[in-house]
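Residue-level listing of the chains:
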There are 2 protein chains.
Amino acid sequence: MATYSCRSREELRMEYKKLMNRYEALKHENLKLDMSRGKPSQLQLDLVSDMLTVLQNSKDCIIDGLDCRNYGDLAGLKCAREYWADVLGCKPSQTFVGGNASLSLMYDLIARAFTYGLKDSPRPWCKEERIKFLCPSPGYDRHFRITEKFGFELITVPMTPDGPDMDVVEQLVEDPMVKGIWCVPKFSNPQGYCYSEETVDRFANLKPAAPDFAIMWDNAYCVHEFDGEFQPFRDIISLCAEAGRPNMVYEFASSSKITFPGAGISVMAASEENIAYHSKLIGVQTISYDKVNQLRHVLYLKDRAHTLELMKKHAQILAPKFELVLKMLRAEVTDKGIAHWHHPQGGYFVCVAAMPGTAKRTLELCKKAGVTLTEAGATYPYGIDPHDSMIRIAPSLPPIEELEKAMQVFCTCLKLAALEKYLGITLESVTDEK
Amino acid sequence: MATYSCRSREELRMEYKKLMNRYEALKHENLKLDMSRGKPSQLQLDLVSDMLTVLQNSKDCIIDGLDCRNYGDLAGLKCAREYWADVLGCKPSQTFVGGNASLSLMYDLIARAFTYGLKDSPRPWCKEERIKFLCPSPGYDRHFRITEKFGFELITVPMTPDGPDMDVVEQLVEDPMVKGIWCVPKFSNPQGYCYSEETVDRFANLKPAAPDFAIMWDNAYCVHEFDGEFQPFRDIISLCAEAGRPNMVYEFASSSKITFPGAGISVMAASEENIAYHSKLIGVQTISYDKVNQLRHVLYLKDRAHTLELMKKHAQILAPKFELVLKMLRAEVTDKGIAHWHHPQGGYFVCVAAMPGTAKRTLELCKKAGVTLTEAGATYPYGIDPHDSMIRIAPSLPPIEELEKAMQVFCTCLKLAALEKYLGITLESVTDEK
């Protein structure tokens with residue numbers, strides 16, 4: 001079948017009519033489906049719930065001669081730091097283990113930069129006249145929102161299948177007002193791209209004008225393959241050190257999508273100098289993070305090898321969902337020539353690049369049929385997608401039957417929105433004509 | 001026996017010599033005792049460790065139709081908000097349940113005031129030329145340090161047995177640069193004073209010039225009696241509302257000294273308007289706090305009545321330690337006329353007001369004999385006690401035998417320091433003479 005762009009107006013009208021009927025039928029099912037957030041499903045939570053009883057009694061709480069129930073040990077239990085060092089490929093002394101949210105570790109880092117300045121800052125960022133922050137887009141809305149809330153100017157950097165466009169990045173960091181960049185190096189949110197070796201090298205070798213330029217390296221999906229074998233990644237901490245700027249990078253990860261999304265443990269990895277600098281400041285904010293939960297995690301997850309085994313089980317739950325999404329997109333959308341997408345091998349999203357000018361409309365139609373997706377534009381700074389094109393699909397939460405229904409709605413709406421554009425009409429105007 | 005001030009120089013010399021011998025003997029015991037921090041003892045941790053197994057399986061994690069393991073519910077589980085409302089005497093809608101540290105909730109509140117401003121702020125505090133913050137002293141060093149780190153000017157307010165000197169407070173808040181005050185209304189840290197009804201009323205009726213003046217009401221010891229029955233306290237949230245400034249107060253509490261110090265849950269209580277305002281900002285910092293631990297706590301602690309029963313058991317462990325400290329002070333120090341102290345009925349500290357100019361020296365001598373106490377001056381802004389007099393004793397951590405030994409050292413050193421002052425000599429000078 002020909003792409004929409006090659007069909008006659010009459011053919012498009014017929015297709016539109018057919019889809020409209022399908023849409024109305026789906027609407028009558030009174031669906032209430034949510035594909036808006038990368039939330040693990042209940043099956044995944046059940047999978048790891050043995051963790052609840054890892055610690056049974058007082059004796060279990062003593063580790064390395066320390067009682068994890070009491071105050072103290074700000075940078076985290078020794079064994080928790082060793083665990084994350086094993087996962088990330090850095091040294092335990094380069095880790096700081098936090099609470100249940102790596103997002104908080106990121107926010108707090110930016111907040112400290114704002115209030116006190118970073119290790120190599122000439123002054124606190126709140127004393128700078130203007131601050132710019134690089135946002136490879138599409139990207140993670142919560143990243144962008146942090147730097148937006150602090151009043152920084154968000155600069156969009158185009159994403160490529162190899163990661164952020166490094167030509168653009170290298171040019172932009174010549175501006176001393178540019179203070180940092182958000183990165184999701186493996187299975188990027190939302191496209192699922194993995195930064196290429198060259199991209200990672202160019203990051204490590206960046207020579208930003210700002211002495212306190214911060215690479216926010218959110219390795220959120222570092223062990224999150226759902227398709228195929230674990231893909232090793234390089235240790236950005238040592239790469240930056242070798243390139244002569246050890247304090248330029250802050251790496252983040254968490255167990256939110258390994259154990260419990262709301263009750264995992266998180267980590268910030270950075271140079272020892274950075275860990276020392278920030279520990280001192282974090283010591284003003286808190287006495288210590290939840291070490292009982294840290295110990296629970298270490299005993300349950302053991303090490304990277306054992307964690308990867310667990311991730312295989314998560315993959316068994318996740319893979320069929322991603323396959324379904326991709327299969328349906330292929331079957332229903334590919335030959336229409338109105339959208340394209342990457343086939344990710346890990347992470348939590350499929351990102352559909354719809355025909356420019358149709359993303360918002362697609363999601364509006366979905367919503368009316370009871371299917372919620374991440375807001376259009378959310379993956380761009382300030383929530384504005386200049387091409388109104390990117391749509392993030394998060395297939396992890398719904399059970400597979402619901403997901404299939406939701407994808408029927410989505411594919412229908414995606415095509416309706418494209419046809420409206422081609423035909424210069426809207427569903428509402430057509431319906432009103434009746 | 002006469003007070004030191006009434007004794008002859010010769011008598012003082014003899015006393016000094018006697019104490020010096022005792023001190024040297026104690027030093028030879030090579031002690032290593034810590035009374036520096038209000039840490040619960042292992043017995044107390046063991047007391048509550050059944051909490052570890054409250055949640056056994058997936059089913060246990062569902063509450064009010066919500067899965068506490070997943071993301072979401074930023075302000076906390078419904079049942080956790082109800083629990084804290086019951087403890088504090090406010091409404092669930094006036095609570096925000098946080099992670100393991102109420103100190104973080106306090107720091108983060110000040111940080112948001114700094115970056116964004118509070119609900120009624122004309123501008124973010126970082127845009128103010130000067131900010132002053134009131135510090136009733138002696139007080140809690142970690143409170144003072146937060147506001148010091150943000151660059152505020154700390155103003156000492158004298159403490160009285162009824163709470164902060166409200167005449168002074170009422171006068172100081174006429175200055176619009178004065179933006180807030182730190183309070184520990186029940187069993188104040190370190191003196192163990194409870195604010196009187198009049199003090200609480202005068203707080204609720206404060207009319208500060210700054211529209212965004214913040215009362216930081218750290219109700220850390222709200223249910224922490226170790227001596228006698230629970231002493232009810234009034235709900236400061238509704239008192240401020242009744243007095244016409246509902247947004248002026250932020251109350252904090254935690255289970256750190258009810259369950260696990262490092263792995264409890266915390267709460268911020270404030271007007272609904274404040275909770276809404278801050279929830280929106282906290283939503284930039286995190287997706288949600290650890291709700292698994294919230295549920296664990298609610299199931300274990302149940303409600304205020306049940307919590308008070310548990311606190312009786314903590315009291316059984318704590319009371320003998322406080323009695324010992326007070327008994328030894330009475331026996332060894334009272335008749336010397338060189339120090340005074342309040343006999344607290346709850347909280348975690350005994351605060352000894354030593355002869356002016358002898359606190360530092362006392363602690364120096366203690367340290368040399370292997371006994372660590374909270375640093376002298378720590379209970380004052382900038383760590384400087386103008387009279388070099390206040391010493392905070394934290395008897396909770398050591399077992400009773402160790403505590404007795406530590407108090408022998410302390411009483412000896414307190415007297416030595418006073419005698420040095422009277423005699424114009426030091427231990428070292430005397431020892432050198434030999």
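Scroll up a little and you will see the structure.
Residues numbered from 1 in each chain as written. Chains lettered and ligands numbered in written order. Predicted model: local features only at pLDDT ≥ 70, side-chain atom pairs only at ≥ 80, totals over all residues. Heavy atoms only, no water.

A short note on the interface of chain B and chain A
Phase 1 of the analysis: Taken residue by residue, the interface counts 54 residues in chain B and 54 residues in chain A.
Phase 2 of the analysis: Carbon and sulfur atoms make up 55% of the surface buried where chain B meets chain A, a total of about 4,700 Å² over both sides.
Phase 3 of the analysis: Of all residues in chain B, Leu52, Arg69 and Tyr71 of chain B give up the largest surface area on contact with chain A, accounting jointly for 16% of the area buried on that side.
Phase 4 of the analysis: The partner of arginine 69 of chain A in a salt bridge is aspartate 46 of chain B, with the nearest N and O atoms 3.0 Å apart.
Phase 5 of the analysis: Here chain B and chain A share 26 residue pairs in polar contact (both at pLDDT 80 or more) between them.
Phase 6 of the analysis: Sorting the residues of the side of chain B that touches chain A by element identifies helix 2 (42-47), helix 4 (102-115), helix 5 (141-149), helix 9 (272-285) and helix 10 (291-301) of chain B as the ones contributing at least two each.
Phase 7 of the analysis: It is helix 4 of chain B that provides the largest number of residues to the side of chain B that touches chain A, a total of 6 residues.
Phase 8 of the analysis: Its residues assigned to classes, the side of chain B that touches chain A shows 24 nonpolar, 18 polar and 12 charged. (Contact = heavy atoms within 4.5 Å. Buried area = accessible area lost by both parts, 1.4 Å probe. Salt bridge = Lys/Arg side-chain N within 4 Å of Asp/Glu carboxyl O. Polar contact = N/O pair within 3.5 Å; in protein donor to acceptor, adjacent residues only side chain to side chain. Helix = DSSP H or I, 4+ residues; strand = E, 2+ residues; numbered from the N terminus. Nonpolar A, V, L, I, M, F, W, Y, C, P; charged D, E, K, R; others polar.)

Side note on the nonpolar core
Phase 1 of the analysis: In this structure, Ile215 of chain A together with Ile215 of chain B are the most contacted members of the largest nonpolar core, which totals 120 residues.
Phase 2 of the analysis: Of all hydrophobic cores here, the second largest spans 76 residues; its members include Leu105 and Phe152 of chain A together with Phe114 and Trp182 of chain B. (Core = buried A, V, L, I, M, F, W, Y, C linked by side-chain atoms within 4.5 Å. Buried < 20%, exposed > 50% of the residue type's maximum accessible area, 1.4 Å probe, protein only.)

Comments concerning the layout of surface pockets
Phase 1 of the analysis: For the largest pocket, the calculated volume is near 500 Å³.
Phase 2 of the analysis: Forming the walls of the largest pocket are 31 residues, and the residues nearest its centre are Tyr71 and Ile287 of chain A together with Tyr140, Arg142 and Lys257 of chain B.
Phase 3 of the analysis: Mapped onto the lining of the largest pocket, the elements with two or more residues apiece are helix 4 and helix 5 of chain B.
Phase 4 of the analysis: It is helix 4 of chain B that contributes the most residues to the lining of the largest pocket, 3 residues altogether. (1 Å grid on protein atoms, 1.4 Å probe; cavity = no way out; pocket = protein on both sides within 12 Å on 5 of 7 lines; lining within 4 Å. Points joined across faces, edges and corners; volume = space filled by probe spheres on them.)

Some points on the side chain of histidine 314 of chain A
Phase 1 of the analysis: Considering the arrangement of structural elements, one finds histidine 314 of chain A in helix 11 (residues 304-332).
Phase 2 of the analysis: Polar contacts involving the side chain of histidine 314 of chain A include one to the side chain of glutamine 44 of chain A, which spans 3.1 Å.

Notes on the sheet that holds strand 11 (residues 266-269) of chain A
Residue and element names in this part refer to chain A.
Phase 1 of the analysis: Taken together, 8 strands build an open sheet; the order of strands is 4-11-10-9-8-5-6-7 and the sheet is mixed. Two strands bound the open sheet, and with one partner strand each, they are strand 4 (95-97) and strand 7 (163-164).
Phase 2 of the analysis: Pairing analysis gives 4 bridges linking strand 9 (residues 214-218) to strand 10 (residues 249-254), with the strands arranged parallel. By the bridge assignment, methionine 216 is partnered in strand 10 with tyrosine 250.
Phase 3 of the analysis: Of the strands in this sheet, strand 4, strand 5 (132-137), strand 8 (178-183), strand 9, strand 10 and strand 11 touch helix 4 (residues 102-115), which is tilted by about 155° from strand 10.
Phase 4 of the analysis: Where helix 5 (residues 141-149) meets the sheet, it contacts strand 5, strand 6 (153-160), strand 8 and strand 9, and its direction lies at approximately 160° from that of strand 8. (Pairing = 2+ DSSP bridges. Axes fitted to C-alpha atoms, helices over the stretch in contact; angles between N-to-C directions.)

Concerning the environment of glutamate 273 of chain A
Residue and element names in this part refer to chain A.
Phase 1 of the analysis: Mapped onto the secondary structure, glutamate 273 falls in helix 9 (residues 272-285).
Phase 2 of the analysis: What makes glutamate 273 partly exposed here is its relative accessible area of 43%.
Phase 3 of the analysis: It is 9.8 Å that separates the C-alpha atoms of glutamate 273 and serine 93, two residues lying 180 residues apart in sequence.
Phase 4 of the analysis: Beyond its immediate stretch of four places on either side in the chain, glutamate 273 contacts Lys119 and Asn247.

No statement about biological role is implied by the geometric values presented.
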